[in-house]
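# Survey of secondary and tertiary structure
Below, each chain spelled out in residue letters.
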Amino acid sequence: MSESEGDDEKVFSVMKKKSNKGTGFSSFPLSKPILNALTRKGYKNPTPIQRKTIPLILDGKDVIGMSRTGSGKTLAFLVPIVERIYHDKGKSGCKAVILSPTRELAMQTHRFFQDLNREVGLKVVCLLGGDALGKHFTAMHTNPDVIIATPGRLLHVLVEMDAKLPEVKHLVMDECDRLFEMGFEEQVTEIVRRLPDHRQTLLFSATLPQSVVNFVKNGSHDPVLIRLDVESKLSENLTSCFLSCRESDKLSILLYLLKEVTKKDEMTLIFAATRHHVEYLQTIIEKAGIVCTHVYSALDQEARRSNIELFRRKKIRTMIVTDVAARGIDIPFLDNVINYNFPSKPKLYVHRVGRVARAGRSGTAYSLVSADELPYLHELHLFLGQPLKLAKKDVQKETGILGKVPQTLIDIECDSLNKWHESYSDLEGLKKVCENATKQYVKTRSIPSSDSISKAKEISQQDIAIHPIFRNYQPEEEEVKRTDFMSSLKGYKPKSTIFEIGPNKKEFFNVMKIKRKHHDKLVEKTKTKNEKMGEEDSKGEDYKDDKFFLPYRSDEHFSEKGLEIDKGFSNPLDDAVFDVGGDDQKTMMKSKNGVKWDRKKKKFVGKDSSDPKKKKIKTESGVWISASYKSDIYKKWQEGNKIREADEEDDRDAEETERRDQAIEKLSKRSKKDRRPSKPELKSKADLLKERMQKDKKRKFMEWRRRQKSNKKSK
């Protein structure tokens, strides 16, 4: 450790001893400008994750902070980092790097940092993908104190500039599990290798998968794990409503929720599967007279930034997004979240609904669940450790219940939708694109477990009542009859088989009659045997001793399984399989998917036939990264700036030389006047000749002038 670092640690230890005792932020050893900024923003008491981590970070320890979404993890690392850099302000160079998985989260972190930085005066830059690289080069040349960036853009800038960050003392990875899940492991590893080994590493996330654990082992020094709110994954102030419906009825239910269930002054966030769903839903919702905006990853950076600001400032109260906005985005005063497409992973649901019910506020999460999404709903409840409750007629409690939507409400909205699709041709095109996107989305989402699929079949066969949120709705007699009829159809089992319905039903009727007579005895025998076994099991229920019984699954098996991240896109066991050749459609399609069409060669070529190191470059640390990170953009930017500087220098030199020449010329004129000789009394021959020639020329000119005047008078 250097002498300067040792002095900093002494300063922080002294401040810690002098800190006031209390429950607010004043109990921490923080400087007055930072406390003023926290008070100005209305932060009085720290959250549990802030209370645990801020003292550790101020002491210079590596920290892994795990806490529920919306628990204040951003301030937990920003406050101590600003405090430490504030005392190290005089030293030049970047002192902290904060990595975020998405642009929106990076912009949010930058905004929080600027709020704390008003009286501190640190230089901070935000490097985001989609912005001009020249702008980032200029920002890096200002020698900032803090860099907030997405990993891909920061690595691009560092590789282009061939730069390292040797003065960095703090590395923060916000939503670190998402960084590795989105494929940033290669970029993060290369960025870390460009930082000094003696630094403080801070990891913050709601989950801790194995990939992050491996990174911590290699990149941290004796980290402290702070794990809070593990048991309660959802906020206590959150109301969850699950609405069972058909896939074709989702749009009608969404319109009814926006019009009738949610209030007009409430802010609502709608999650859809793909950007095609977002565009289609926005068009439909605007046709219904509701102003809304949208955000997805393929949208332009400036458009994403402006749309989020419009929604954040309550100028537009409805926004449709994909999962790009499901992690870490803090939207104050958000009231409702609607899951138009139910998420295939439990932790994704937790992060989606974590946008509401933050900082003590209440909120509601509505989820539209179709038949093929019921297994994911079952997996969610296993992950939460809660039983799935079905709506009943007498139940008044709303949260965590799966119920139906009255059919008449769906029909009313369906009529409007059909009219719009008939009137506007563009809607039909968007609908087809959305249907194709749904097919691709279904192919790519994770497959539920077999237990969840069987449980979903059982749930679909049960009689589910209307959800309690529609209890004020009075159903008509026709709807009651329809509901009773549909429930009776579920339990209907025909006595005759398909063989007894066809044209030769007499022959098959006799065959089936003999078959039933033969097998009825076996069926009765099996029933009695099962009943006896059930009685014996009921008598011996207390055979299990809970003190010594070890279950084959832990109590948190489904919870930990829901937190895990897929290890890769391909299974390593696939390489060891010996396949002779496919003889059915499935295996043949699998082999066909292994090739792609090459336009230049005009034939199919193998996808994996190319060199894995092709279109890649090797860095100084030995890591192979994409070649797109290295080009001549920075050199061109440097040349352009040098040309401007040279032009300005040339102009300045030209002005100076011109001024110098004018001054010299004035001095020479003055000296000539002073040194002018007196005229001689006698003229020379040359002077006399010159004088005669001038007089003769003047005389001839006067004669010519007289002739001209006389000619004009005569005319």
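Residues numbered from 1 in each chain as written. Predicted model: local features only at pLDDT ≥ 70, side-chain atom pairs only at ≥ 80, totals over all residues. Heavy atoms only, no water.

### Considerations on the sheet that holds strand E6 (residues 200-205)
Pairing in this open sheet of seven strands is parallel, and the strands run E3-E4-E2-E5-E6-E1-E7 from one edge to the other. Because the sheet does not close on itself, it has two edges, and the strands there are strand E3 (124-127) and strand E7 (224-227). Direction aside, the axes of adjacent strands within the sheet are offset by 10 degrees on average. As paired elements, strand E2 (residues 96-99) and strand E5 (residues 170-174) share four bridges and run parallel to each other. Looking at E5, one finds that Leu99 is bridged to Met173. (Pairing = 2+ DSSP bridges. Helix = DSSP H or I, 4+ residues; strand = E, 2+ residues; numbered from the N terminus. Axes fitted to C-alpha atoms, helices over the stretch in contact; angles between N-to-C directions.)

### Re helix H18 (residues 450-461)
Under the 1.5 Å per step criterion, the end-to-end length of H18 is 17 Å for twelve residues, consistent within 8% with the ideal 16 Å. Ser452, Ala456 and Ile459 are the residues of H18 that are buried. Seen end-on, H18 carries its buried residues on one side only, within an arc spanning 60 degrees. Opposite the buried face of H18, by more than 90 degrees, sit the exposed residues Ser450, Lys457 and Gln461. (Expected span 1.5 Å × (residues − 1). Buried < 20%, exposed > 50% of the residue type's maximum accessible area, 1.4 Å probe, protein only. Arc of directions from axis to C-beta.)

### Let's talk about the packing of helix H7 (residues 151-161) against helix H9 (residues 185-193)
Running from N to C, H7 and H9 point in directions that differ by 45 degrees, and their axes come no closer than 9 Å. Considering their axes alone, H7 and H9 lie oblique with respect to each other. H7 and H9 meet at a crossing whose hand is left-handed. Contact with H7, carried on its side by Pro151, Gly152, Leu154 and Leu155, involves Gln187, Val188, Glu190 and Ile191 of H9 and no other residues of that element. Broken down by class, the residue content of the contact of H7 with H9 amounts to five nonpolar, two polar and one charged. (Parallel < 35°, antiparallel > 145°, perpendicular 65-115°, else oblique. Left-handed = near helix turned anticlockwise from the far one by under 90°. Contact = heavy atoms within 4.5 Å. Nonpolar A, V, L, I, M, F, W, Y, C, P; charged D, E, K, R; others polar.)

### Description of the packing of aromatic side chains
Centre-to-centre distance and the angle between the planes together describe a pair of aromatic rings. If you walk through the whole model with that rule in mind, you get ten aromatic pairs. Aromatic side chains Tyr634 and Trp637 sit 5.7 Å apart centroid to centroid with 15 degrees between the ring planes, which places their arrangement in the stacked category. Placement of the pair is Tyr634 and Trp637 together in helix H23 (residues 633-674), with a separation of three residues, close to one helical turn. For Tyr634, a relative accessible area of 9% corresponds to the buried category. Connected via pairs of aromatic rings, a cluster forms that spans Phe137, Tyr634 and Trp637. For Lys250, the ring lying beneath its charged end belongs to Tyr340, and the centroid distance is 5.9 Å. Here the basic side chain of Lys287 rests over the ring of Tyr424, its NZ or CZ set 3.4 Å away from the ring centre. (Phe/Tyr/Trp six-rings, centres within 6.5 Å; stacked < 30°, edge-to-face > 60°. Lys NZ or Arg CZ within 6 Å of the ring centre and 35° of its normal.)

### Concerning the pattern of salt bridges
Side chains that differ in sign of charge can pair as their charged atoms come close. Taken as a whole and judged by the stated rule, the model has 23 salt bridges. The salt bridge partner of Glu309 is Arg111, with a shortest N-O separation of 3.9 Å. Of this pair, Glu309 sits in helix H13 (residues 301-312) while Arg111 sits in helix H5 (residues 103-116), and the two are 198 residues apart along the sequence. For Arg111, a relative accessible area of 28% puts it in the partly exposed group. Here Glu309 ties to Arg313 by a salt bridge, and the two come within 3.5 Å at their closest N and O atoms. For Glu309, a relative accessible area of 23% corresponds to the partly exposed category. Where salt bridges share partners, they join Arg111, Glu309, Arg312 and Arg313 into one cluster. (Salt bridge = Lys/Arg side-chain N within 4 Å of Asp/Glu carboxyl O.)

### Things to note about the environment of Phe180
Take Phe180: it is sitting in helix H8 (residues 176-181). Its relative accessible area of 10% is what places Phe180 among the buried residues. For Phe180 and Phe215, which are 35 residues apart along the polypeptide, the C-alpha to C-alpha distance reads 9.8 Å.

### Some thoughts on unusual backbone geometry
At Asn143, a residue that is not glycine, the phi angle is positive and equals roughly 60 degrees. Overall, the relative accessible area of 36% leaves Asn143 in the partly exposed class.

### Observations concerning the pairing of strand E13 (residues 363-369)
Within E13, seven of the seven residues are buried, which leaves the element mostly enclosed by the surrounding structure. The alternating pattern of E13 places Gly363, Ala365, Ser367 and Val369 on one face and Thr364, Tyr366 and Leu368 on the opposite face, and all of these are buried. Pairing geometry for strand E8 (residues 238-244) and E13, over seven bridges, is parallel. What sits directly across from Ser244, in E13, is Val369. Direction of pairing for strand E12 (residues 336-339) relative to E13: parallel, over a ladder of four bridges. Bridging across to E13, Ile338 finds its partner in Tyr366.

### Examining the sheet that holds strand E14 (residues 389-390)
Strands sit in the order E10-E11-E9-E12-E13-E8-E15-E14 across an open sheet of eight strands; the sheet is parallel. The open sheet is flanked by strand E10 (293-295) and E14, the only strands paired with a single partner.

### Thoughts on the nonpolar core
One recurring pattern in soluble globular proteins is that nonpolar side chains are buried together. With 39 residues, the main nonpolar core has Leu99, Ile147, Leu154, Leu165 and Met173 as its most contacted residues. It is H7 that contributes the most residues to this core, six residues altogether. Of all hydrophobic cores here, the second largest spans 38 residues; its members include Ile54, Leu78, Val82 and Ile148. (Core = buried A, V, L, I, M, F, W, Y, C linked by side-chain atoms within 4.5 Å.)

### A closer look at a positive patch on the surface
Taken together, the side chains of Arg705, Lys709, Lys712 and Lys713 define a basic patch exposed on the protein surface. Relative to the elements of secondary structure, Lys709 occurs in helix H24 (residues 685-714). (Patch = residues over 30% accessible without salt bridge, like charges linked within 9 Å, V, L, I, M, F, W, Y side chains within 5 Å. Areas by Shrake-Rupley, 256 points an atom, 1.4 Å probe, with all protein chains shown as cover. Lys, Arg positive; Asp, Glu negative; His and termini not counted. Charge placed at Lys NZ, Arg CZ, Asp CG, Glu CD.)

### Description of the environment of Val82
Positionally, Val82 belongs in helix H4 (residues 73-87). Relative accessible area serves as the criterion here: at 0%, Val82 is assigned to the buried category. With 63 residues separating them in the primary sequence, Val82 and Asp145 have C-alpha atoms 9.9 Å apart. Look past the residues within four positions of Val82 in its chain and what remains in contact with it is Ile34, Phe113, Leu116, Val120 and Leu122.

### Details of a nonpolar patch on the surface
Nonpolar side chains collect at one region of the surface, where Ile498, Phe499, Ile501 and Phe508 lie side by side and expose about 430 Å² of accessible area between them. Positionally, Ile501 belongs in the loop between helix H19 (477-490) and helix H20 (505-539).

### Observations regarding the environment of Arg153
Position of Arg153 relative to the elements: it lies in helix H7. Using a relative accessible area of 13% as the deciding quantity, one classes Arg153 as buried. Note: C-alpha distance between Arg153 and Tyr629 (476 residues apart in sequence) is 8.9 Å. Leave out the neighbours within four places in its chain, and Arg153 touches Leu127, Leu128, Gly129, Gly130, Asp131, Ala132, Leu133 and His136.

### Focus on the side chain of Thr268
Summarising the element assignment, Thr268 is placed in strand E9 (residues 268-271). With sequence-adjacent residues up to four places away left out, Thr268 is seen in contact with Leu258, Thr262, Phe311, Arg317, Thr318, Met319, Leu334, Asn336 and Ile338.

### Here we look at the pairing of strand E1 (residues 63-66)
A two-sided burial pattern is seen for E1, the buried positions comprising Val63 and Gly65 on one face and Ile64 and Met66 on the other. One ladder, built from four bridges, connects E1 with E7; its direction is parallel. Across the sheet, Met66 pairs through a bridge with Arg227, a residue of E7.

### Brief notes about the confidence of the model for the chain
Here the chain averages 79 in pLDDT, and 76% of its residues register 70 or above. Taken together, the stretch residues 1-5 has pLDDT below 50 and engages in four contacts with residues farther than four places along the chain or on a different chain. Low pLDDT, under 50, characterises residues 14-21; the stretch is placed with twelve contacts to residues that sit more than four places away or in other chains. (pLDDT = per-residue confidence, 0-100.)

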